[in-house]
Amino acid sequence: PRLERRWPEGVRHVFVPAAPGVAFNKSKALNAGARAARHPLLLLHDADVWPPENYVLQCAELMDREGWEAVRPIRFLFLLGEAESRQVLETADVRSVRTVAQVQQNNPGLSAFVRKDVYLELGGHDERFTGWGWEDVEFLDRLKTRRLYPGAFLPAVHLWHAVPPARRAGDCNRSRLDAILREPREERMAAGRRQLAEGAAHDRDGLRAGRR
């Protein structure tokens, strides 16, 4: 909520609170954002990833020109250290950075463009994952059944952040991924569509309560 008044004009902010005692659920937040989106093209993008200039334009034009239903654009990811990340946040500029802690190729998550109708047909992100991590790998497994652009082609910068305590304690999502991937894709898609429908009903209930 502290960010609600800091967005440019025309941007809607959708806050998805976690219930008391329940961890943040990235899949639930992504699904809520997708349901609320008014444009037919979604950009699912991690807040700690700094994209290049004209990022949205390049990808939207590619999809429109060649008829792709989705694209995962990031090929090279430059991971900054803590000092360099603070410098970027203070200056709002990555061009002066000269030291990169690590370079990663073809990360399965972080950023994806997908048509909203395709996202909903696939069932969105699986909310059985807790926190974040590996939910993007499972979603990609379903996304590959559609017209997904076959290659990543753009660079991006990843800003440093501390590892959350829950992640330090153990990555339960990794074993959860293995179990979920054993389920047939069609069953996962159908379950996801039911999950999205339940979320939409919850959204409507919340709006009615807000109006009262």
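Residues numbered from 1 in each chain as written. Predicted model: local features only at pLDDT ≥ 70, side-chain atom pairs only at ≥ 80, totals over all residues. Heavy atoms only, no water.

**Looking at the packing of aromatic side chains**
Centre-to-centre distance and the angle between the planes together describe a pair of aromatic rings.
Here's step 1: Under the criterion given, the structure shown has five aromatic pairs.
Here's step 2: Ring geometry for tyrosine 55 versus phenylalanine 113: centroids 5.5 Å apart, planes at 50°, classification tilted. You can see tyrosine 55 sitting in helix 2 (residues 55–66) and its partner phenylalanine 113 sitting in strand 6 (residues 111–115), a full 58 residues away along the chain.
Here's step 3: With centroids separated by 5.8 Å and ring planes inclined at 80°, the aromatic side chains of tyrosine 149 and phenylalanine 153 adopt a geometry described as edge-to-face.
Here's step 4: When its relative accessible area of 24% is taken as the criterion, tyrosine 149 is described as partly exposed. (Phe/Tyr/Trp six-rings, centres within 6.5 Å; stacked < 30°, edge-to-face > 60°. Helix = DSSP H or I, 4+ residues; strand = E, 2+ residues; numbered from the N terminus. Buried < 20%, exposed > 50% of the residue type's maximum accessible area, 1.4 Å probe, protein only.)

**Digging into the pairing of strand 4 (residues 74–79)**
Here's step 1: Here strand 4 runs beside strand 7 (residues 154–158); their pairing, made up of five bridges, is parallel. Across the sheet, leucine 79 pairs through a bridge with histidine 158, a residue of strand 7.
Here's step 2: The pairing of strand 4 with strand 5 (residues 102–105) spans four bridges and is antiparallel. Across the sheet, residue phenylalanine 78 finds its bridge partner in strand 5, namely valine 103. (Pairing = 2+ DSSP bridges.)

**A short note on a nonpolar patch on the surface**
Here's step 1: Together, Leu3, Trp7 and Val11 give the surface a local cluster of nonpolar side chains, amounting to about 260 Å² of exposed area.
Here's step 2: Inspection of the secondary structure puts valine 11 in the segment before helix 1 (26–36). (Patch = residues over 30% accessible without salt bridge, like charges linked within 9 Å, V, L, I, M, F, W, Y side chains within 5 Å. Areas by Shrake-Rupley, 256 points an atom, 1.4 Å probe, with all protein chains shown as cover. Salt bridge = Lys/Arg side-chain N within 4 Å of Asp/Glu carboxyl O.)

**Details of helix 3 (residues 82–91)**
Here's step 1: Residues of helix 3 that are buried: Glu84, Ser85 and Val88. End-on, the buried residues of helix 3 take up no more than an arc of 100°, which puts them together on one face. In this structure, helix 3 carries Ala83, Leu89 and Glu90 as exposed residues pointing more than 90 degrees from its buried face.
Here's step 2: Buried residues along helix 3 sit in contact with strand 2 (49–50).
Here's step 3: Alanine 92, located one to two residues past helix 3, shows a positive phi value of around 55°. (Arc of directions from axis to C-beta. Contact = heavy atoms within 4.5 Å.)

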